[in-house]
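Take a look at the letters that make up each chain.
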Amino acid sequence: LPIGGLIRLFSLFAGSPEQAEALALTVWPLLLGLLFIAAAGFGGRRMGGVSTMHIGFGLASLFVFTSVRFYPGSIDHHNLQQVLMVFLAACLIDRRRGGISHVLAGITAAIAIAIGAETVPIVAVACACVAVQWAWHGEAFGAPARAFGLSLCLAITGLFVATVPPAQYGLVTCDNLSLGFYSLTALGGAGLFMLALGVKRASQKRRFLALGGLGIAMLAAAVLIAPQCLGSPLAGLDPMLRDLWLNNVTEAQPFLSQLRHEPSTIGGFYAVGLFAIAICTFRVLDREKAEIHLVLLAMIGIAWIVSLIQVRGSFLANAITILPLSLIIDDLRRQSHAEPENINAGFVYVITVLMSVPVVWVFLGAVSTKGIGNSISISALTEASAPKRAADICTSRADMKALATLPPGVIAAPSESGTTILRYTPHRVLSAPYHRNQGGMLTELHIGLASAKEAEAFLKGAQVTVLAFCATDPQTQALIRLKPDGLYADLSNGKVPPYLQALPVADPDGFRLYRVVSR
C-alpha cells in the first residue's frame with residue numbers, strides 16, 4: 001500500500017510511469033532507513049537516556065548503511081519488518097509502563113503479523129512478555145496489559161478485514177495473515193485484556209494460574225482452528241522444490257548448511273546476536289534493569305533460535321540487538337572517561353563497540369576468504385552479508401528487450417528470472433521464486449528434467465509460448481547434472497527438438513530463446 005501510494009504520488013509530476021516507479025523504489029527503502037534509525041534512537045533513549053540514544057543512532061546508521069535491504073530498489077518486506085521489530089521492542093521497554101506505549105506495541109505487533117510470518121515467533125514472545133509482566137506485577141501492570149491486549153485484538157481485526165477477501169475468511173494458511181493467525185492473535189489479545197480487567201485483586205499465584213488457563217485455551221484453539229500451522233509454514237512444500245530451489249536460497253539455509261558452504265558469513269549472521277544474548281543474560285544476573293533486559297533477551301533469543309533454522313532470522317535478531325548493546329556501550333564509555341588512565345577500560349569499550357557491529361564480523365569473514373585487499377569496500381561487505389541469488393543471471397537489458405519484442409505469452413524460464421521478466425516485459429511467466437506457485441515451479445523443473453519428447457507435453461499443457469534457456473543458471477545446471485538425457489541437457493549440448501524454434505541470440509551470455517511451435 002505505501003509503495004503503491006508513492007507511485008501514485010510521483011506519477012502526478014513524473015514524466016512517465018516508469019519514472020514514478022523508479023522514484024518510489026528509491027524513496028521507500030531510504031525512508032525506512034530513517035525510520036529504523038529513529039526507532040533505534042527511541043529505544044536507546046528509553047534504555048539509558050540521551051547519550052544512549054545517540055549511540056543507538058550511530059549503530060543503526062551503520063546497520064542501514066551496510067545493509068542492502070535499505071538501499072534504493074529494495075522493496076522486500078524484510079526492511080519494514082526490521083523497523084517494526086525495533087519499534088516494538090522500544091515500546092515494550094517503557095520503564096514508566098505507559099499505556100500509550102503498549103497501545104503502539106499492540107498495533108505494531110498486529111501490523112508485523114499482517115506483513116509476513118517471519119516475525120510471528122518474535123511477536124508471540126513479545127505477547128508472552130506482556131502477559132507474564134501482568135501476572136508478576138498485578139494491577140501495577142494492569143493498564144499496560146489491557147492497552148496492549150485490546151489494541152492487538154482490534155488492530156489485527158481491522159487488518160484482517162481490510163486485507164483478506166470475504167470469500168477467504170474461513171481459509172487457513174500458515175505463511176500469511178489468514179483465519180489461523182487472526183483468530184489466535186485476536187483471542188490472545190482479548191483474553192489478556194479480559195484477565196487484566198477482571199482479575200485485579202487476585203494473588204500472584206492465581207494470576208499465573210489464570211494466565212496458564214489462557215495459554216491452554218490458546219493451544220486448544222490452535223489445534224482446532226489451525227493444526228497444520230503448529231509445524232513449519234513450509235512443511236507442505238514439494239520435496240523436489242525443497243531440494244532444487246529452497247535449499248539453494250541463502251536466507252532459507254539452516255546454520256549447519258551455512259557453516260558448511262559459506263563459513264565466512266557465520267560471524268555476520270550470528271555473532272552479534274549471540275553477543276547481545278550474553279550481555280542481556282549478564283545484566284539480568286546483575287539485576288541491572290533486569291526486567292527490560294529480560295524482555296530484550298526473549299525477543300533477541302527467539303529470533304536467534306529461528307536463525308539457526310533459517311538464516312533470515314538473523315536479520316531481525318541483529319536489528320533488535322542495537323538496544324541492549326547501545327546501553328552497554330554507553331556504560332562502558334562513561335567508565336572509560338571516568339578512568340582515562342585505565343587502559344583496560346578503554347580497551348573493553350573499543351572491543352565492545354566493534355563486536356556490536358555486524359559489518360565488522362562480515363569484514364573479518366571476508367578477510368579470512370578474500371584477503372584484506374579485496375575486503376575493504378562497501379560492495380564486498382554488503383555482498384558478503386546479503387542473500388546470494390541467481391536473479392542477475394540471464395536478466396540483462398538485451399535479454400529483456402528481446403523478450404519484450406515478442407507477442408505476449410507465457411515464458412518458461414528459471415525461477416529466479418521470473419520476477420525480472422514480469423517487471424520488464426508484457427509476458428506471463430510459468431515460474432518465479434514464490435513458494436505459493438508450486439504448480440508453475442514444478443512444471444518448469446519437469447520441463448528441464450523430462451526427455452525431449454515428454455517435455456513437449458509439459459510445454460503444451462502449460463500453454464508455454466517461449467522457452468528461455470539459461471545455461472549459467474545454478475538451478476538449470478543442477479537439472480542438467482540430475483538428468484543428463486533431459487531437455488535442458490540436450491539444449492546445453494546444442495540438440496534442439498523439432499517443436500522448438502531458435503530465436504536470434506540477444507546476449508551471448510544470456511538467454512537462448514526458443515519459440516514453441518505446433519506440430
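Values in this document were obtained by computation on a predicted structure and should not be read as measured data.

Caption draft 1: Structural context of the sheet that holds strand S2 (residues 428–429). The 5 strands are arranged S2-S1-S3-S5-S4 in an open sheet whose pairing can be described as mixed. Two strands in the sheet have a free side with no partner beyond their single neighbour: S2 and strand S4 (500–502). Relative to S2, strand S1 (residues 410–412) runs parallel, the two sharing 2 bridges. Following the sheet pairing, Ile 411 is matched in S2 by Val 429.

Caption draft 2: Spotlight on the packing of helix H5 (residues 99–115) against helix H6 (residues 120–137). The interhelical angle for the contact between H5 and H6, taken along N-to-C directions, is 155 degrees, at an axis separation of 9 Å. On the basis of the axis angle, H5 is roughly antiparallel to H6. Where H5 crosses over H6, the handedness of that crossing is left-handed. For the pair formed by H5 and H6, the contact residues are His 102, Ala 109, Ala 112 and Ile 113 on the first element and Val 120, Val 123 and Val 130 on the second.

Caption draft 3: Expanded view of the nonpolar core. Counting 92 residues, the largest nonpolar core has Phe 36, Met 85, Leu 88, Leu 92 and Leu 296 as its most contacted members. Examining the composition of this core, we find that 10 residues originate from one element, H6, more than from any other. Apart from residues lying up to four places away in sequence, Met 85 is in contact with Ala 112, Thr 119, Ile 122, Val 123, Met 299, Leu 316 and Ile 320. With 33 residues, the next largest nonpolar core counts Leu 241, Leu 244, Ala 252 and Ile 480 among its residues.

Caption draft 4: Summary view of the pairing of strand S3 (residues 466–469). Side-chain alternation along S3 places Val 466 and Ala 468 on one buried face and Leu 467 and Phe 469 on a second face that is also buried. Where S1 meets S3, 2 bridges bridge the pair, whose relative direction is parallel. Bridged to Ile 411 within S3 is Val 466. Two elements, S3 and strand S5 (residues 512–516), share 4 bridges in a ladder whose sense is antiparallel. Note that in S5 the partner of Leu 467 across the bridge is Tyr 514.

The rules behind the values
Residues numbered from 1 in each chain as written. Predicted model: local features only at pLDDT ≥ 70, side-chain atom pairs only at ≥ 80, totals over all residues. Heavy atoms only, no water. Pairing = 2+ DSSP bridges. Helix = DSSP H or I, 4+ residues; strand = E, 2+ residues; numbered from the N terminus. Axes fitted to C-alpha atoms, helices over the stretch in contact; angles between N-to-C directions. Parallel < 35°, antiparallel > 145°, perpendicular 65-115°, else oblique. Left-handed = near helix turned anticlockwise from the far one by under 90°. Contact = heavy atoms within 4.5 Å. Core = buried A, V, L, I, M, F, W, Y, C linked by side-chain atoms within 4.5 Å. Buried < 20%, exposed > 50% of the residue type's maximum accessible area, 1.4 Å probe, protein only.

That's the geometry; what it means functionally is another story.
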